[in-house]
Amino acid sequence: MASNRLKHVVRGAIALTAVATVVGLNPGSAVADPPSNLQDAKSQLDAASKAAEVADQAYLAAQDDLKAKQAEVAKAAADIQTYTQQAKDAQAKQDQYRGQVDQLASAAYSGVQFTQLSALLTGKSAQDFLDQSSELQFLAQQNAIVMDGYDNAIKTADSAKAKAADSQVKSQAAADAAQKILADLDQKKKDADTAKEKSQSAYNQLDAAAKGLLAGAGDMGVFLGPPGAAGTAMDAAVGERGVPYVWGGTTPAGFDCSGLMLWSYAKAGITLPRSAAAQYTVGKAVSLNALIPGDLIFYGSTASNIHHVSMYVGGGKVVHAPTEGEVVKIVPIGNSGSDIFGAKRIVG
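First, a word on scope: everything that follows refers to the structure included in this document. (Residues numbered from 1 in each chain as written. Predicted model: local features only at pLDDT ≥ 70, side-chain atom pairs only at ≥ 80, totals over all residues. Heavy atoms only, no water.)

## A few points about the overall build of the protein
Helices and strands together make up the secondary structure of the protein, namely eight helices and eight strands. Restricting to contacts in the protein with at least 6 residues of sequence separation, those with at least 24 account for 66%. In the form shown here, the protein has an accessible surface area of approximately 18,700 Å², with 58% of it arising from carbon and sulfur atoms. (Helix = DSSP H or I, 4+ residues; strand = E, 2+ residues; numbered from the N terminus. Contact = heavy atoms within 4.5 Å. Areas by Shrake-Rupley, 256 points an atom, 1.4 Å probe, with all protein chains shown as cover.)

Listed below in structure tokens is the structure:
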């Protein structure tokens, strides 16, 4: 199936090349010298697609944030249960040792004192002294064990209670944050849907030739990933060239930018978050002059508003799912977006 799709893409690329050649020889062609209304339509598409991508990634990022906060609430609840049980167990030990501590205190209060001096004074022989000294040492060790156990039980109980209280605060904070995200999620979904509609409308204004150029397959050369998970992910992404861009797509039926990265790395056994912004939180930062195949490149002005992601494939090129009307393709890194924010190495 992938082979048929690739053949289709190659045929389409060849056909488009032929069209472009003919157009280039024809000075009167609309594509060679596009009228202002076509230029306007393309500009509108570019602007609308960028806005739609930003809105869609913001919605996906909010969903990632919601899942993270819900996970925090669940972890805090588990921690509260764990620390509460620890405090209960420590309290039981504290009660157990308290009786023994009370006996020691009572003995000290009633004047029952056993020291090596009293052993020497009351002993009838050197052997008596040694025997009583040995017993005193044993009693001292036992008393120390009792007191240490009592002290540790008190400290453990206090620590567990403090941790349970801290987890309760964290749980409430995460729950409040999740509620706020939920309240904003519907609006973000509406904003994304509205932006998508505008982008689709702008795309529909293009003529068939312009749409055909947008759907070009890009570089159809051979790109092979290196050994390891990053190479496996890269091979998976490269193998999807020609698959159409689909808002919210995460399967070979259609991908959006972060959906392609999610799916490709899943093929390598690595789970990525859904949105481009959340994917930026994974892995380690790398400079653009140190990229290796499989590294992810992110686009946006800040970490919080990253709106696009591509994957480096070597030779100064990336594979990505660009935008409405286009397909997964390999292009020079300079053609993938002008607002590169940074890059991350997911593995290695």
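Read on for the rest.
## Some points on the packing of aromatic side chains
Each aromatic ring pair is specified by the distance between its two centres and by the angle formed by the two planes. By the definition in use, this model includes four aromatic pairs. Relative to W247, the ring of Y245 lies with its centre 5.0 Å away and its plane at 90°, an arrangement referred to as edge-to-face. Pair check on accessibility: Y245 and W247 agree, each one buried. Centroid distance Y280 to F298: 5.2 Å. Interplanar angle 80°. Geometry classified as edge-to-face. In this pair, Y280 is assigned in the loop between α8 (276-279) and β3 (284-286) and F298 in strand β4 (residues 296-299), connecting sequence segments 18 residues apart. We note that Y280, like F298, is buried. The ring of Y59 has K189 lying over it, and the distance from NZ or CZ to the ring centre is 6.0 Å. The residue whose ring lies beneath K211 is Y203, and the NZ or CZ to ring-centre distance is 5.1 Å. (Phe/Tyr/Trp six-rings, centres within 6.5 Å; stacked < 30°, edge-to-face > 60°. Buried < 20%, exposed > 50% of the residue type's maximum accessible area, 1.4 Å probe, protein only. Lys NZ or Arg CZ within 6 Å of the ring centre and 35° of its normal.)

## Here's the deal with the nonpolar core
By size, the foremost hydrophobic cluster in this structure holds 44 residues, and its most contacted members are Y265, L296 and M311. Listing elements by their share of this core, those giving two or more residues are α2 (36-109), α4 (126-204), α6 (229-238), α7 (257-266), α8, β4 and β5 (308-314). The element best represented in this core is α2, accounting for seven residues. Aside from chain neighbours lying at most four places away, what touches Y265 is A229, A230, A233, I270, L272, G294, L296, M311 and I346. (Core = buried A, V, L, I, M, F, W, Y, C linked by side-chain atoms within 4.5 Å.)

## Some words on the sheet that holds β4
If you trace the six strands from one edge of the open sheet to the other, you get β3-β8-β4-β5-β6-β7, paired in antiparallel fashion. Looking at the sheet topology across the chains shown, the edges are occupied by β3 and β7 (329-332). On average, adjacent strands in this sheet sit at an angle of 40° to one another, irrespective of strand direction. Pairing analysis gives three bridges linking β5 to strand β6 (residues 317-320), with the strands arranged antiparallel. Bridge assignment links G314 to a residue of β6, and that residue is K317. Packing against the sheet, α6 makes contact with β5, β6 and β7, and its axis sits at approximately 105° to β5. In this fold α7 packs onto β4, β5 and β6, with an angle of close to 50° to the strand it touches most, β5. (Pairing = 2+ DSSP bridges. Axes fitted to C-alpha atoms, helices over the stretch in contact; angles between N-to-C directions.)

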